[in-house]
Amino acid sequence: ATLTNSSVTGTDCNWTATYTYSVSDQALVPNVLTNQVVTYTGGDTEAPVLYNVPANITVQCAEEIPENPFATSVIAASYADPFSFSATDNCSVNVILAATDVTPLQESPCVNQYYIERVYSATDACGNTTSQTQIITVHDDIAPTLVGCLSNMTISACAPDPTWSVSATDNCIA
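Residues numbered from 1 in each chain as written. Predicted model: local features only at pLDDT ≥ 70, side-chain atom pairs only at ≥ 80, totals over all residues. Heavy atoms only, no water.

If you had to explain the overall build of the protein chain to someone new, which residues and values would you point to?
The helix and strand inventory of the protein chain stands at zero helices and twelve strands. Listing every helix and strand of the protein chain by position from the N terminus yields β-β-β-β-β-β-β-β-β-β-β-β. Counting over 174 residues, the protein chain shows a buried share of 21%. Sequence separation of at least 24 residues holds for 50% of the intrachain contacts in the protein chain that already meet a minimum separation of 6. Carbon together with sulfur atoms contributes 56% to the accessible area of the protein chain, which is approximately 11700 Å² in total. (Helix = DSSP H or I, 4+ residues; strand = E, 2+ residues; numbered from the N terminus. Buried < 20%, exposed > 50% of the residue type's maximum accessible area, 1.4 Å probe, protein only. Contact = heavy atoms within 4.5 Å. Areas by Shrake-Rupley, 256 points an atom, 1.4 Å probe, with all protein chains shown as cover.)

Give me the side chain of Ser 22: which residues, what numbers.
If you trace the backbone, Ser 22 turns up in strand β2 (residues 15-24). Owing to a relative accessible area of 18%, Ser 22 belongs among the buried residues under this scheme. Excluding anything up to four places from it in sequence, Ser 22 contacts Ala 1, Thr 2, Thr 4, Leu 33, Thr 34 and Asn 35.

Explain the nonpolar core to me, using residue names and the numbers behind them.
Formed by Leu 50, Val 53, Phe 70, Phe 85, Ala 87, Val 95, Leu 97, Ala 99, Tyr 120 and Ala 122, the largest nonpolar core amounts to ten residues. For this core, the elements supplying multiple residues, two or more each, are β8 (94-102) and β9 (113-123). Top contributing element to this core by residue count: β8, with three residues. Not counting chain neighbours up to four residues away, the residues in contact with Val 53 comprise Phe 85, Tyr 120 and Gln 132. (Core = buried A, V, L, I, M, F, W, Y, C linked by side-chain atoms within 4.5 Å.)

With reference to specific residues and values, describe the packing of aromatic side chains.
Summed over the entire model, instances satisfying the criterion amount to two aromatic pairs. Centre to centre, the rings of Tyr 19 and Tyr 40 are 6.1 Å apart; their planes meet at 65°, and the pair counts as edge-to-face. Of this pair, Tyr 19 sits in strand β2 while Tyr 40 sits in strand β3 (residues 32-42), and the two are 21 residues apart along the sequence. Since its relative accessible area comes to 26%, Tyr 19 is described here as partly exposed. Ring geometry for Phe 85 versus Tyr 120: centroids 4.8 Å apart, planes at 65°, classification edge-to-face. Remark: Tyr 120 occurs in strand β9 and Phe 85 occurs in the loop between β6 (74-77) and β7 (86-88); sequence separation between them is 35 residues. (Phe/Tyr/Trp six-rings, centres within 6.5 Å; stacked < 30°, edge-to-face > 60°.)

Lay out the sheet that holds β2 with the relevant residues and their values.
Ordered by their spatial adjacency, three strands build an open sheet running β1-β2-β3, and the pairing between neighbours is antiparallel. Only two strands of the sheet have a single partner each, and these edge strands are β1 (2-10) and β3. This sheet shows a mean twist of 15° between the axes of neighbouring strands, independent of strand direction. Of the pairings in the sheet, the one linking β1 to β2 comprises eight bridges and is antiparallel in character. Among the inter-strand pairings, Gly 10 is bridged to a residue of β2, identified as Trp 15. (Pairing = 2+ DSSP bridges. Axes fitted to C-alpha atoms, helices over the stretch in contact; angles between N-to-C directions.)

Just give me the short version of the side chain of Asp 89, but keep the residues and values in it.
Relative to the assigned elements, Asp 89 resides in the loop between β7 and β8. Buried charge without a partner: Asp 89 forms no salt bridge, and the closest opposite charge is Arg 118, 23 Å away. Reaching out from Asp 89, the side chain makes a polar contact with the backbone nitrogen of Cys 91 at a distance of 3.1 Å. Engagement of the side chain of Asp 89 in a polar contact is seen with the backbone nitrogen of Ser 92, the distance being 2.8 Å. (Lys, Arg positive; Asp, Glu negative; His and termini not counted. Salt bridge = Lys/Arg side-chain N within 4 Å of Asp/Glu carboxyl O. Polar contact = N/O pair within 3.5 Å; in protein donor to acceptor, adjacent residues only side chain to side chain.)

Tell me what's going on with unusual backbone geometry, and back it up with residues and numbers.
Phi is positive for Asn 35, which is not a glycine, with a value near 55°. Within the secondary structure, Asn 35 sits in strand β3. Phi angles above zero are rare outside glycine, and Asn 52 is one such case at about 60°. Relative to the helices and strands, Asn 52 is located in the loop between β4 (49-51) and β5 (57-59).

This is the structure:
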């Protein structure tokens with residue numbers, strides 16, 4: 001068999017390779033088969049692999065929620081960083097890293113009683129995407145404390161003193 005022509009078209013995402021052969025045998029009068037075409041097609045269908053997606057966490061107050069470093073998508077070199085969220089891909093050198101915060105409908109009327117789904121994702125140049133979700137639970141279970149309150153006591157007066165000032169403090173701002 002003799003390769004008479006070849007061509008490769010497309011990109012890593014969707015490619016076609018075409019090979020044209022001529023074949024002959026060793027007979028006294030050769031039998032020749034020409035223009036035998038073999039075509040291969042393929043492309044990148046494999047999504048990137050995520051590394052170091054943060055584990056689920058619980059915090060007391062909304063102000064303790066870690067900042068989302070990927071609130072805006074970034075294009076990053078495909079690599080596996082052993083210390084922070086990253087991704088690698090089998091074909092693309094660059095992948096788009098993102099993290100989106102979704103706050104599902106909450107039934108609790110309390111300000112510091114809810115959860116956030118932070119969805120980390122990576123998308124390669126061919127549009128293959130993979131994602132993983134971190135759950136951030138906000139659960140304030142520490143009661144406020146009164147400040148300026150005297151302990152229970154008996155006062156020998158005709159009426160209580162209305163000038164006493166009592167306030168409350170809480171571990172959460174909101």
